[in-house]
Amino acid sequence: MESELISKKELLEKYAISYGALYRWKRKGLIPEDWFIKKATVTGQETFFPKTLICERVELIMSQKEDFSLDDLSKQFNEKTEEKNCLVINTVFGEKRFNFADIQGIMIENGNRNKTDITQEILNDKISKERK
């Protein structure tokens, strides 16, 4: 089941923030890279976000940016992320971290676009290791 998405344009309009501010927050680590979802649309490719996650995060950033620097906020968010169990995927493009609580499915796709769901194998392995 796909969670509700909000487009980048809708997000910027809703919170009256600039494109530059959004990407500055991304560079500072305030908004996770994996929240930026590229999708093909009739007008080309657009960026979308998981609506609940991004709206909560933007509201939190906006409410605290007067009291804390972006670097301080980034440290707070990253400390919270480091405390959680994550699936870490290393590629030639770098490392991606996904909190287990955020994972809806883990698939392996072959060249024919056939997908094999390995979510339970990964999550069950994580749980069994925690119990040891």
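What counts and how
Residues numbered from 1 in each chain as written. Predicted model: local features only at pLDDT ≥ 70, side-chain atom pairs only at ≥ 80, totals over all residues. Heavy atoms only, no water. Pairing = 2+ DSSP bridges. Helix = DSSP H or I, 4+ residues; strand = E, 2+ residues; numbered from the N terminus. Axes fitted to C-alpha atoms, helices over the stretch in contact; angles between N-to-C directions. Contact = heavy atoms within 4.5 Å. Buried < 20%, exposed > 50% of the residue type's maximum accessible area, 1.4 Å probe, protein only. Parallel < 35°, antiparallel > 145°, perpendicular 65-115°, else oblique. Nonpolar A, V, L, I, M, F, W, Y, C, P; charged D, E, K, R; others polar. Core = buried A, V, L, I, M, F, W, Y, C linked by side-chain atoms within 4.5 Å. Left-handed = near helix turned anticlockwise from the far one by under 90°.

Student: Describe the sheet that holds strand β2 (residues 37-41), naming the residues involved and giving the relevant values.
Tutor: The strand order across the open sheet formed by 3 strands is β1-β3-β2, and the pairing between neighbours is antiparallel. With partners counted over all chains shown, the strands left at the sheet margins are β1 (5-7) and β2, one partner each. For this sheet, the mean angle separating the axes of adjacent strands, direction not counted, is 45°. Taken together, the 5 bridges between β2 and strand β3 (residues 44-50) define a ladder with antiparallel strand orientation. Bridge pairing in β3 places Ala40 opposite Gln45. Along the sheet face, helix α3 (residues 51-64) touches β1 and β3 and points at about 70° away from the line of β3.

Student: Summarise the side chain of Thr47; cite the residues concerned and give the values.
Tutor: Following the sequence through the fold, Thr47 ends up in strand β3. In this structure Thr47 comes out as buried when scored by relative accessible area, which is 6%.

Student: So what about the packing of helix α1 (residues 8-15) against helix α2 (residues 19-27)? Which residues, and what values?
Tutor: Contact geometry for α1 and α2: axes closest at 10 Å, N-to-C directions at 105°. By the angle between their directions, the pair α1 and α2 is classed as roughly perpendicular. Only Tyr19, Leu22 and Tyr23 of α2 make contact with α1, whose side of the interface consists of Lys8, Leu11 and Leu12. Here the residues of the contact of α1 with α2 sort into 5 nonpolar, no polar and 1 charged.

Student: Residue-level account of the nonpolar core, with values.
Tutor: The biggest cluster of nonpolar side chains holds 20 residues, and the ones touching the most others in it are Leu11, Leu22, Trp25, Ile31, Phe49, Ile54 and Val58. Residues contacting Leu11, with those up to four places away along its chain left out, are Ile6, Leu22, Phe49, Ile54, Cys55 and Val58. Phe100, Ile103, Ile106 and Ile118 belong to the second-largest nonpolar core, a separate cluster that totals 6 residues.

Student: Any details on the packing of α1 against α3? Residues and values, ideally.
Tutor: The interhelical angle for the contact between α1 and α3, taken along N-to-C directions, is 35°, at an axis separation of 12 Å. With respect to the hand of their crossing, α1 and α3 are arranged in right-handed fashion. Contacts between α1 and α3 pair Leu11, Lys14 and Tyr15 from the former with Ile54, Cys55, Val58, Glu59 and Met62 from the latter. Considering only residue class, the contact of α1 with α3 consists of 6 nonpolar, no polar and 2 charged.

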